[in-house]
Structures are given as C-alpha cells and as structure tokens.
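# Analysis of the macromolecular model
Here is how the chains run, residue by residue.
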Amino acid sequence: MTAMFNVVANKKGREEAYKFTKTMWQKYAKYTMPSLYDADKLSKCEGDTFSNYKKFNIAMFKANDDYHVKEIKDEPDCLTLIVDRCVSVDIANALECPEVGKLGCDHDVAGFPYIEDKVNSEFRRLHTIAKGDEVCDFMFYKKGSCPFDASKNK
C-alpha cells in the first residue's frame, strides 16, 4: 500500500494519493470485514449474537500483539477496547508515510457497517492514534443502544 501511495503521491501529491488509497481501501472493506469476522457463521452461533461478537473481539484483540490493548470494558450493551499502540501507524511513520497508517482506520469505518446487522451491533470509534489521538477506542454497542451518531467515527 505504501508503494502505491508513493506512486500516486509523486504524480498528484500526497493529499490526492491519500484520497485515492482511502477510496480503494474503503471499497475493499465491503469484502474483507465480513470475511475477517466470518459474520454469517458468527450470527448462527449458539447463544446471544452480540455477546458472542464481544467475545470474538476480545479474543481477536488479545491475540494480536500489533495493537496493544490497554483496557477492556465489557458492559452488557457495549464493549470498549482501548488500544494505545498501533503497529500500522508505527510502520507508516517509519516509512515517512503517515497517511498509510490511517488506511486501517478508514477500512474499519467503511467495513463495520457491512456486518452490523448480522452481529446485532453498531461500531463507534471517536479516537484513533493514526489521526492524532493518544489512543484508539473501539466501541461495539448493542444495536439500538449507541449514544453516538456514526458520522463521528474516525
């Protein structure tokens, strides 16, 4: 992705390169997010779908050392995962291409809506490291209980 970004940036500038790669990444999310979560199968698991989805997220985040989970708040209608280190941002910054570090965030914002109905959830993230915050706050609300409009997602 960095190589593609740099090719476009050299021809059209960094802002245009970010717009191009972001659009491409967000279109890709339509396919990758349902696959990542295997949402069709997850929605058919025994028990409450939202509870199973929260368990899946906790396990996935704990198993991935690339995104250090500082805090987990598991409440009946909301799971919040606070991440204080993002290897995607670290790598993008090391390559002097911080825009590429934002693409995972853009992917999430575009991708989660494709699975929300199947997992009875609404995704919110008001802060991201890639976009200048100290932490990323992944919030998974039970459908209908979210106090934030999706337009606030970063």
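What you are looking at is a predicted structure, and each value in this text was computed from that prediction instead of being measured.

### A short note on the pattern of salt bridges
Taken as a whole and judged by the stated rule, the model has twelve salt bridges. Between Lys118 and Asp40 there is a salt bridge whose closest N-O contact spans 2.5 Å. Residue Lys118 is found in helix H8 (residues 116-119), and its partner Asp40 is found in helix H3 (residues 39-42); the two are separated by 78 residues along the sequence. Notably, a salt bridge pairs Lys131 with Asp106, separated by 2.8 Å at the nearest N-O pair. In this pair, Lys131 is assigned in the loop between strand E3 (121-124) and strand E4 (136-142) and Asp106 in helix H7 (residues 103-111), connecting sequence segments 25 residues apart. Take Lys131: its relative accessible area is 30%, and that puts it in the partly exposed class. Judged by relative accessible area, Asp106 falls into the buried class, the value being 2%. Residues joined in a network through salt bridges with shared partners are Glu15, Glu16 and Lys19.

### What to know about the pairing of E4
Taken across its seven residues, E4 has six buried, putting it largely inside the fold. Where strand E2 (residues 78-86) lies against E4, six bridges are found, and the strand directions are antiparallel. Residue pairing in the sheet places Ile82 in a bridge with Asp137 of E4. As defined by bridge partners, E3 adjoins E4 across four bridges and the pair is classed as antiparallel. Counted as the bridge partner of Glu122 is Tyr141 from E4.

### Digging into the sheet that holds E4
Taken in spatial order, the four strands make up an open sheet running E1-E2-E4-E3, and their pairing is antiparallel. Two strands bound the open sheet, and with one partner strand each, they are strand E1 (67-75) and E3. The average angle at which neighbouring strand axes cross in this sheet is 15 degrees, direction not considered. Judged from the eight bridges that link them, E1 and E2 form a sheet pairing that is antiparallel. Bridge pairing in E2 links Val69 to Val83. Each of E1 and E2 is contacted by helix H5 (residues 87-94), which is oriented at about 30 degrees to E2, the strand it contacts most.

### Considering the packing of helix H2 (residues 14-37) against H7
Between H2 and H7, the shortest axis-to-axis distance is 8 Å and the interhelical angle comes to 45 degrees. One way to sum up the angle between H2 and H7 is to call them oblique. H7 is crossed by H2, and the crossing has right-handed handedness. When H2 is examined against H7, the residues Tyr18, Thr21, Lys22, Trp25, Gln26, Ala29, Thr32 and Met33 are found in contact with a partner set consisting of Leu103, Gly104, Asp106, His107, Asp108, Ala110 and Gly111. Of the residues in the contact of H2 with H7, the class split is six nonpolar, six polar and three charged.

Scoring rules and cut-offs
Residues numbered from 1 in each chain as written. Predicted model: local features only at pLDDT ≥ 70, side-chain atom pairs only at ≥ 80, totals over all residues. Heavy atoms only, no water. Salt bridge = Lys/Arg side-chain N within 4 Å of Asp/Glu carboxyl O. Helix = DSSP H or I, 4+ residues; strand = E, 2+ residues; numbered from the N terminus. Buried < 20%, exposed > 50% of the residue type's maximum accessible area, 1.4 Å probe, protein only. Pairing = 2+ DSSP bridges. Axes fitted to C-alpha atoms, helices over the stretch in contact; angles between N-to-C directions. Contact = heavy atoms within 4.5 Å. Parallel < 35°, antiparallel > 145°, perpendicular 65-115°, else oblique. Left-handed = near helix turned anticlockwise from the far one by under 90°. Nonpolar A, V, L, I, M, F, W, Y, C, P; charged D, E, K, R; others polar.

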